[in-house]
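So the chains spell out like this:
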Amino acid sequence: MSATERPLQLLGRSFDGFDRALSRQLPKAGATSAVHRLPDILDLQEQVVTGDAATSGETDLLLVVTDWLPALIAEGKVLPLDGYFAEEPPAGWPDIWHPAVRDLQRGPDGLTYGVPYHVGPMMLLYRADLYDDPAERTGFAERFGYPLATPDTWEQYTDQARWFTRPDQGRYGTIAAGYPDEHNTVYDYLTQLWSRGAELTDGAGHLSLDSQQARDSAQFLYDLWHTHRVVDPTAAEWDSVASGVHFAAGEAAMMVNWSGFAALSAPADSPTHGRVGCAPVPRADVPGGSRVALNSYWVLAVAAGSDRPAAAYDLLRALTTAEMDRITAEEGGTATRRDSWSDAAVSRLAPYYARFEAAHEHTRALPRDPRWPRISVILNDMVASLVTGTAQPGEAVSRAHLRLSELN
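In this text, all values refer to a predicted model and were calculated from it rather than measured experimentally.

Novice: Requested: an account of the environment of Tyr 313, with residues and values cited.
Specialist: Mapping Tyr 313 onto the fold places it in helix H11 (residues 309–319). For the pair Tyr 313 and Gly 114, spaced 199 residues apart in sequence, the C-alpha to C-alpha distance is 10.0 Å. In this structure, Tyr 313 is in contact with Leu 81, Tyr 84, Phe 85, Glu 88, Pro 89, Pro 90 and Val 302, ignoring residues within four places of it in sequence.

Right, dumping it as structure tokens:
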């Protein structure tokens, strides 16, 4: 079969929402046939970031998270799109996408290497029915001495997680994705670190966790799992997708996770249908603290090894139209375009769309460092030891600090 005869190959991550959406979208994407393959996220990372799937010619279009782009760009594994944009840009590019979802796919050369397909950011997802229940409100205020409302601070978050944890009723206070896949475990730690006013680097710009904020952040996560026990122990084996599924099943009162998982409660037969709300991520009530929502999203990028890059780009354009963006939302992904966010039919699908413009104004992304795959392994190992309880917080942070120092 010649290159022009074979179907274009799209490689992305395993997620039912992606699979359903792409199964509808690809047949609508034009005359050129295309197929998709969606391995689990660790396998995808191994194939694309570590391996040669992007350069071997086996893949034409990649669906990858922005976390990986600095390494992919530095290694020449994805192609800049600006030349194609000059000829025929995606419909509505660039202004139809919020600036917060146009920035992370830009390389150090100022060129653009991807177009959003599925976006965050992280938000607080909560059971509005529980928070509105008069008995819950009265009982909480009597125990903790202040009114029950969505948590403004991490201390309130902990109080409320303790209050709502009732394993005998099949519900915990919160959910954390504990599976060590170098993603949500790392995101949870950085959210704590940044909200406490600290960085991954010291004053000299060297990678470092030698700070009280770094230790406090680890202690916070350890306490959720082992001191307060507000997280289902089996969540140690849940990735972000599984955590969203369990939340939609009604197994927790709240969680800080990707806003898009609120869409899992949208089907009429969901146990939490009509019961989920979204609010800002809590803040750290400490000197120098703030509210930080992590921003990371999935983009379509043309693989450098494709022998049909122009056709791959045409497919990218077809998959990012308003019609296709609505399909992504309808099938459980998250729409990326502003015209979708303001579309009444889309906004009815999930509670976060009405808040997206504001939510994206106060986000922060992972460091744009080609070393990030190695950094994330170290942070991932640290948080895994906190989740499993195999290390105390101070010990875990000290070990991670030494390993990070070796990368300087």
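The discussion continues.
Novice: Break down the sheet that holds strand S3 (residues 61–65) for me, citing the residues and quoting the values.
Specialist: Within the open sheet, the 5 strands sit side by side as S2-S1-S3-S10-S4. Their pairing is mixed. Since the sheet does not close on itself, it has two edges, and those belong to strand S2 (34–37) and strand S4 (115–118), each with one partner. Mean inter-strand twist for the sheet, computed between neighbouring axes without regard to direction, equals 30°. Inspection of the sheet shows S3 paired to strand S10 (residues 298–302) by 5 bridges, in the antiparallel sense.

Novice: Provide a residue-level description of the side chain of Ser 243, including the pertinent values.
Specialist: Mapping Ser 243 onto the fold places it in helix H10 (residues 240–248). Using a relative accessible area of 0% as the deciding quantity, one classes Ser 243 as buried. Apart from the residues lying within four places of it in its own chain, the contact partners of Ser 243 are Ile 175, Ala 177, Trp 238, Met 255 and Asn 257.

Novice: Please provide a residue-by-residue account of the sheet that holds strand S6 (residues 172–174), values included.
Specialist: One open sheet holds the 4 strands; their spatial order is S6-S7-S5-S8, and the pairing between them is mixed. In the strand order of this sheet, the two ends are held by S6 and strand S8 (276–279), each with one partner. Averaged over all adjacent pairs, the angle separating strand axes in this sheet is 25°, with direction ignored. Relative to S8, strand S5 (residues 122–127) runs antiparallel, the two sharing 4 bridges. Counted as the bridge partner of Tyr 126 is Gly 277 from S8. Here helix H7 (residues 154–164) sits on the sheet and contacts S5, S6 and strand S7 (252–258); the angle it forms with S7, its principal contact strand, is near 140°. Here H10 sits on the sheet in contact with S5, S7 and S8, set at roughly 150° to S7.

How each quantity is defined
Residues numbered from 1 in each chain as written. Predicted model: local features only at pLDDT ≥ 70, side-chain atom pairs only at ≥ 80, totals over all residues. Heavy atoms only, no water. Helix = DSSP H or I, 4+ residues; strand = E, 2+ residues; numbered from the N terminus. Contact = heavy atoms within 4.5 Å. Pairing = 2+ DSSP bridges. Axes fitted to C-alpha atoms, helices over the stretch in contact; angles between N-to-C directions. Buried < 20%, exposed > 50% of the residue type's maximum accessible area, 1.4 Å probe, protein only.

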